[in-house]
Structures are given as structure tokens and as C-alpha cells.
Amino acid sequence: MQAEHLEICDFLRRHPPFSELPEERLNWVASQMEVAYFKAGTEVLRLGDEIDALHVIRSGSVEVFRRNGDLYNRLSEGGIFGELGLLRDRRVRFPVSTLEDTLIYLLPESAFNTLFEEHELFADFVEVEDRTRLRQAVSRREANELMTAPVSALISRAPVTLSVHSTAREAAIKMTEEGAASLLLVKEDESGAATAMAGIVTDQDIRDRLVTPGLDYDTPVSEIMTEAPISVAHNQLVFEAMLVMLRHNIHHLPVMGRGKAIGIIELPDIIRYESQNSLFVVSSIFRQPDQEGLAALVPDVRACFRRMVAEDANSRMIGSALAVIGRSFKQRLLELAEEFLGPPPVPYCFLALGSMARDEQSIVTDQDNALVLSDTFDPERHDDYFAKLAAFVCDGLNACGYPYCNGDIMATNRRWRQPLKVWEGYFSEWIERPSPEFLLNSSIFFDLNGVWGKTEWAEKLYHLIRTKAQRQPRFLACMARNALGRTPPLGFFRDFVMETDGRQSNSVNMKRRGTAPFVDLVRVHALAVGSSALNTFERLEDVIEADILPRGRGQDLRDALEFIALMRLRHQALDLDAGREPDNNIEPENLSEFERKHLKGAFQILSDAQKFLRYRYAPNRAL
Amino acid sequence: MFYLGPESPDEPDLARDEQVARDWPARYRTLAEQALDPRLRAFYLAGVASPETPLAAVPLVAMDFETTGFDLQRSGIVSIGLVPLNLDRIRLADARHWIVRPRARLTPESVVVHGITHSEVAQAPDLTRVLGELLAAIQGKVVVVHHRGIERPFLDVALRRRIGEGIEFPVIDTMELEARLHRAKPLGFWRRLLGQRPASIRLADSRIRYHLPHYSLHHALTDALATAELLQAQVAHRFSPETPVAELWK
């Protein structure tokens, strides 16, 4: 009779990748196992030896080493090793020794191969490299179609169009006939064929711009339309279209293909709860009459964030939506400030710096901002106004869940409230005569975005940065040096975070040890290739395009960053769910075995990328 | 194995296991000539390691019985677990497990321990039907047990009743290996006065000392595996692959 290996089945059932196997498979796996005991301090696998089984730790713990003797990993009950050797050339690639008395279950090669062939999840888990495993984990999460589908997938019909020379009445009749909530107005050539889009008119325009002001119904439609409306390209992603709608607070969006409008997507087309929800938050921000009203929206912002996480939005989507919300708070506060203080004496531009500029905001964030003033600014006469304006906005942001910046990088700091030419001087100085000490805490100045007023000045400054930085190896070396200041941990061991030197701690700060070094690293490459992007994922695309990374590494970086960023956001959402104040720390006991493996893989990719940065930009030159 | 009934002593006594260490290869040759049952003769003809053989070269098999009770004369075997091993690996692919119908009555107490029920036993074959397979699976190997007072004498008695002749073979007793450490000298007067008790040499407690995982015991196959792991641990800590088998077996 077939022997039943109860103990071994019980154990396998509790540990991935075996936990993914069907029940009837488990007893077969158990019946194939071999068992071996090793006392503490014994070599289990020697580099280069032949390997004939997947090793599964039943009890005890082991240390895995690199070829050069560096500690690579520490594994305990449920940990597996030897899969790399089995999948490659049947030679031990990472030597292993026991840390404690250890009992190991060994799955012989033939049984391992059977599982690898027949069970996809098993194969995924033991797949050749951590980076591959990570990519699959990331792509599985992105199964949500609205997040990855192109906008064109949402178009159900050609846009309803009418000549721009029609009257408002004709437009209304056409909309009623077609059952359309919006209408594109087109220019026509002599033959009557549509040539170009002139504008868009919506139900709301007819209400707000025609009926309410009491205009004649035969008013030319061109007088009530929105000229040259904002549009998206047909191949942009649905979530990008949502972001455009969010950012501009619009509900109808023409979709362009080959220079022509091929459809209109409307808010109801995107019945994603999170988008409705974040749109709702944005529009209520603009309706608040005062700072108290804005501060009262904090729970809504948090609820919106939790919903996006719960619905498997990706980190880019969440980061952008939160940045749009943050930007809206700033814009509304500035509107209110100008109402209160009167119109500004000289033009200005309010800057967002750091994560908001990069569209990568999380729910735990402080405010980083600055003011760029007109070159006609006269401190004697004007600074009193701008000091008050800055205080109004920064105090307001603090009340709305964006605490003051510890490093005092805020418009309230006189140093960061200066005319455009002073700012140009700052950046030229930083880039041409960089000092490592200054740049240490100032990398966020290189992520800047205008949110209010003369936003073109922000673009001008960024243009200056990217044209100068590219030609300054010493500046890039300084930035690289800073980017190497924070390193990821090695991995996890039991309920501890393990450092490269084997030290263990209770939690890992996913910003300081994860997303921040990633952002710093990608910024250096992006500045080096003259990328005009601010978002780290977009910068990475430019860097990949410029072909300065070893082949395939760009994609690895993208996956690893997505995984780390999402993990950070998800744990913040978990904190909120549990009624705790969210932070950036993750405790290993809250991670599944899968998450630990993927996180270790992602940290490894970051660590490798830091080594490459060191090699490419010679950061020691910065000394 | 089963020896934990309320009437049984905390640690069973070994006196009834009469077989003593000797020149086992020579003994097997003699027994092969005397054996009448062809299965038994084949078992002896397969031979056994000579006493000076290093442990690393000795094929081993862990064996465990569940029984209806503790009394050799009135109890019978209910299930048998076998797990072959050497010092490097324990091989579950070749493990065996049988439930057999004892001639003795299954007591409610024993059902509680090993979980094998009357109906399972009623459908099981008599030991005679699996004897050939059983002997073939352990022949040429040294048997490993935890407490040699059970498997060897129970099998011996069962065979006498069925085929009219008993069986002899050497065993390595992991409990006796523990006793060598923890029963070598009795606790001193003061330590007894302070309420200290000698370390337990039961299977589960012995495993803990070697940091082996907790297993739910009293299933013959699990217990055989647990015993096999314990022997590997004992050798790793206290002996060496070069130790002659005669230092361990009885």
C-alpha cells in the first residue's frame, strides 16, 4: 500500500512553493523526499559540487554564501535552496553551511523536474533568478485591465462632430439626436470634409455658458465651446487618461489618432471607483471656502488612497493620483491666499519639489516647496506679501496632512523665495561647482514642477538643469555619491531584517532603504542622458532608450521599483485599515514568504544597480 | 511504538530482550542453515555487516511497530513502518507501511494511542501474508529502533506463533544510545533531593536535545522516520562515519 507521510505533508502544506500544489500531489512529493540531518556549523553544499536535490529546511537554519564568501542569505524553516544549481548545470552555485542543527528534506532532481514541468506556480517560485520571479509577481498584479489597456479600448463609437460654424441650438439638437454628452466642433475645407478639431462643447457648457447667462440660442457655438481642448493619444493608457482628467478637472477627453479625433472618452467610461473617488476629492478641494474646509478632507484623501490600494492600482497610478490631490490642495490654498492678501505685486511661480513633482506621492509625505518670483521683484516692497503668501500655504498644507519639511525646504524660507535669476544662479552654481555637502540634502531640487502662476518658469529652470547637468561629470559624480548613501538590506531572516554584514533589525524603512535610493539612482542616470522627465518610471524609460544600462537591467529596475513602491503603499494602507498612523516601516512578521522572496530580489537588483552607478560615475571623484 | 499505557513503566525495561551482541555474520550463517521457512532462510542468507564495518558503509533501516499493548505474550502487532537510510540520506521513496491484523484483541486504550481502528484492522491481512515482503525489505541491513524491547521481541514472538520459529538480528537502539549519556551514572543524592529527575530518553524528548522538529508520534511510519533522523543526529554529534557498527549495535 502507498505509505502516507503525514508529518511531511503537513509541513509542505504550510510552505510555498509546495503550499500551491494540489492536495493529491503533496503526498506524492512527500513520498519522494529524502531527509538529512546536519549539525550546526556543517557544510551542506560546497561550491562546484554536484547537486541532485532541492533542499527544503525542515528545522534549523543555514547561511548561503556568494562565490567570494560574502553572506548572501540566511534561511530558516521553510526556506529552500539549491534550485539555481538544479536549473542550470547541476553544480552548486551558492555554498551553504548550517547555522544551527538543521534537518533538511531533499526533493530529488527527477521529482523536482516533474513539479517544475507540471505546476506553473511551483516553476515561477523556483525560477532561475529572483529578477524573473519579481517580474512575474509584478505582472500578475497588473492583471487589472484598466490599468494597462490603451485608451482606444474604451472608445465605443466615432466622435459626434459638427461644424465650428454652427449655432449653439444646432449643437444642442445634434447632441440630443445622438444621445451625446459632448460634441466636437471641427473646421472644414471647401468640400465640407472635417480637417481639424477646433473645440469641444459639453452639456455643462450649454448650461453654464449659454442658458445661465441668458445668451441667444443662435449664438455661434464657437463662443461657448472650449477651444483646443486637452486630449490624449489613442495609445496612451487608460490610467494616464484618468490622470489627465484628474489634473485638469475635466470629464470629457478627446482621443487622437493620426492627428484626428477618433473618439471621446467620458468619465462614465471609466467607472473605476478609485478614479471617481479621487476626482471627487479633487473637485471638493476646489469647492472649499477656507483652510478648515480643506483640512476636513483629510479622511476623504485617506479613504481614496485605501480604495486604490484595495483595487490593485499600480504604484504609478496611486503616486500620480496622490500628487494630483496634493497639487490641488496647493492650488486651492494659493487661490485663497490671493483672495485674502490681494493680487500679487509681481508675477510668481509656486514650485512643488520632490515626490509631488515626480508624481510619486504616498500618504506619508512632508511638504517640499519653493517660490520663484519675477525678476522685477523688489524685496523691500514685495517680500512682505510673498512671506505672508508662503506662510499661508505652508501652514495650510501642514493642516491638511502635509507636515512642514524638516530640512526647511519651503517657500517660507527666504533662501527658497527668490527671483528667477537668483534661482538660475543657484542651479548653475550647484551644477558647475558642486559641493557634496550641499548636494547631500538637496537632490529634491532637481525634481521640480510648477503648480501655480508662471509655471513656464519651472520648465525654464528644468531646461537649464538638464542642459547643464549632462556636461558636468563632477556634478554627476556628486549626485551619484549621494545616491549611494542609502543602501537596501540584504533580506530577511525569521522575523528580522538582515543587513549585508549579518546584523539583524526589527523593521525596514521602505522609503529610506527602498524607494528613495531608487529615485536617487534613476535621477543620476536621467540627468546624465538629459531626460526631460520627472517621474522615475518615465526617467527610466529615457535611460533605457539612451542605452546606458547593461541589457535588461532597465526592465529589472522598473519591476523592482514597482514592487518596492507598491509594498510601501500597501503597508501604509494596512496601517490605515488597522487604525494606526501610517509610516514607511515594514516589519518582517507582516510579510508572506512570497513577499519576502520578491523583496529580497528587488533589494538585490537595487544593490546591483548601485554598484553599476559607482562604476559609471566614479563618485569618489566628488571628494 | 506503543509503550505508554497507564500500567507501563515510565521507561520500559530492556531485560526481556535476550539477544546480545555477538559475531552477527557467523550467527546468520548458522541460522540460515537451521531455518526451515524459506523466507527466513533467504533473510539470513542475505547476511549482515561485519562488526568492524564503518557506520558510513552500513545499510540501515529504521523500523517501528504499533502494538495492541505492552505485554509481549498477550499483545500483537497492528502496524509496521520501515524507512531505509544511511548516514547521508533517509529515503522515503523506499519506505513501507503495513497495517496487519493482530491475533490479540485491540484494546480501546491502544486505539487512542495509534489511531488504528477495529474496522481497519478487520480488513488487514495477517502478518504471515506480508512476512516475505517485510523480511525482504530489512534483509542485508542493520535495523534501527528506539527501544529494542519492542520490535525485535514482538517480531520474534509473532513468528514463533505463525511459522514455529523465531528470528534474530542485530539492532541499533537509539534509546540505548541516549541511555549511555543520560543513564551512565545515577543522579547524586543532592540533585535527587533538589527534585531533579534524570533526562528523559523517550523518542520525542531525545529528539528535542538534537533540535529535531516536533512530530506527532505513534504512527509507525512517522516513528520510524523520527528514529532514523535521531540516529543521524546522534552520529553527527557523538560518533563518526568511521565508527565501527559494533560500537552501536546490540
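Nothing here was measured: the structure is a model prediction, and the numbers come from that model.

Caption draft 1: Just the packing of aromatic side chains, in detail. Residues and elements named next belong to chain A. Evaluation of the coordinates by the stated rule reveals 30 aromatic pairs over all chains. Look at phenylalanine 329 and tyrosine 402: their rings are 5.8 Å apart centre to centre, the planes differ by 65°, and that puts the pair in the edge-to-face class. Highlighted residues: phenylalanine 329 in helix α14 (residues 315-341) and tyrosine 402 in the loop between α15 (379-399) and β18 (417-419), separated in sequence by 73 residues. With centroids separated by 6.1 Å and ring planes inclined at 65°, the aromatic side chains of tryptophan 416 and tryptophan 430 adopt a geometry described as edge-to-face.

Caption draft 2: Local environment of the sheet that holds strand β14 (residues 252-257) of chain A. Residue and element names in this part refer to chain A. Sheet architecture is open: three strands sit in the order β13-β14-β15, paired in mixed fashion. On the outer flanks of this sheet lie β13 (232-233) and β15 (260-266), each paired with one strand and no other. Contacts from helix α10 (residues 238-248) reach β13, β14 and β15, with the element oriented near 135° to β14.

Caption draft 3: Structural detail: the pairing of strand β4 (residues 61-65) of chain A. Residues and elements named next belong to chain A. Of all five residues in β4, four are buried, a share of seventy percent or more. Between β4 and strand β5 (residues 71-76), which pair antiparallel and follow one another directly, the connecting turn spans five residues, one of which, glycine 69, has a positive phi of 95°. The pairing of β4 with strand β7 (residues 96-98) spans three bridges and is antiparallel. The partner of glutamate 63 across the bridge, within β7, is serine 97.

Caption draft 4: Region of interest: the interface of chain A and chain B. The interface of chain A with chain B comprises 23 residues on the first partner and 26 residues on the second. Summed over the shared surface of chain A and chain B, the number is three salt bridges. When the shortest N-O distance is used, the salt bridge between glutamate 34 of chain A and arginine 91 of chain B registers 2.8 Å. On inspection of chain A and its partner chain B, the count reaches 14 residue pairs in polar contact (both at pLDDT 80 or more).

Caption draft 5: Region of interest: the pattern of salt bridges. Inspection of every chain in the model, using the stated rule, returns 58 salt bridges over all chains. When the shortest N-O distance is used, the salt bridge between arginine 157 of chain A and glutamate 178 of chain A registers 3.8 Å. Highlighted residues: arginine 157 of chain A in the loop between α7 (145-148) and β9 (161-163) and glutamate 178 of chain A in helix α8 (residues 168-178), separated in sequence by 21 residues. By relative accessible area, arginine 157 of chain A is classed as partly exposed at 39%. By relative accessible area, glutamate 178 of chain A is classed as partly exposed at 34%. The closest approach of N and O atoms between arginine 160 of chain B and aspartate 156 of chain B, which form a salt bridge, is 3.2 Å.

Caption draft 6: Main features of the sheet that holds strand β2 (residues 43-45) of chain A. All names here are of chain A. Judged by pairing direction, the sheet is antiparallel, and its four strands sit side by side in the order β2-β7-β4-β5 without closing on themselves. Edge positions in the sheet fall to β2 and β5, since each has one partner strand and no second. Along the sheet, successive strands turn relative to each other by an average axial angle of 25°, direction set aside.

Caption draft 7: Main features of the packing of helix α13 (residues 298-310) of chain A against α14 of chain A. Residue and element names in this part refer to chain A. With their axes 10 Å apart at the nearest point, α13 and α14 run at an angle of 165° to one another. The orientation of α13 relative to α14 falls into the category roughly antiparallel. In this structure, α13 crosses over α14, and the sense of that crossing is right-handed. Judged by residue contacts, Val301, Cys304, Phe305, Met308 and Val309 of α13 engage Met317, Ile318, Ala321, Leu322, Ile325 and Phe329 from α14. In terms of residue class, the contact of α13 with α14 is built from 11 nonpolar, no polar and no charged.

Caption draft 8: Just the packing of α14 of chain A against α15 of chain A, in detail. All names here are of chain A. The interhelical angle for the contact between α14 and α15, taken along N-to-C directions, is 135°, at an axis separation of 9 Å. Here α14 is positioned oblique relative to α15, judged by the angle of their axes. Of the two possible hands of crossing, α14 and α15 adopt the one that is right-handed. Residues Phe329, Lys330, Leu333, Leu334, Leu336, Ala337, Glu338, Phe340 and Leu341 of α14 touch α15, and the partners they reach there are Tyr385, Lys388, Leu389, Phe392, Val393, Gly396 and Leu397. For the contact of α14 with α15, the residue count by class is 12 nonpolar, one polar and three charged.

Rules used in this analysis
- Residues numbered from 1 in each chain as written.
- Chains lettered and ligands numbered in written order.
- Predicted model: local features only at pLDDT ≥ 70, side-chain atom pairs only at ≥ 80, totals over all residues.
- Heavy atoms only, no water.
- Phe/Tyr/Trp six-rings, centres within 6.5 Å; stacked < 30°, edge-to-face > 60°.
- Helix = DSSP H or I, 4+ residues; strand = E, 2+ residues; numbered from the N terminus.
- Pairing = 2+ DSSP bridges.
- Contact = heavy atoms within 4.5 Å.
- Axes fitted to C-alpha atoms, helices over the stretch in contact; angles between N-to-C directions.
- Buried < 20%, exposed > 50% of the residue type's maximum accessible area, 1.4 Å probe, protein only.
- Salt bridge = Lys/Arg side-chain N within 4 Å of Asp/Glu carboxyl O.
- Polar contact = N/O pair within 3.5 Å; in protein donor to acceptor, adjacent residues only side chain to side chain.
- Parallel < 35°, antiparallel > 145°, perpendicular 65-115°, else oblique.
- Left-handed = near helix turned anticlockwise from the far one by under 90°.
- Nonpolar A, V, L, I, M, F, W, Y, C, P; charged D, E, K, R; others polar.

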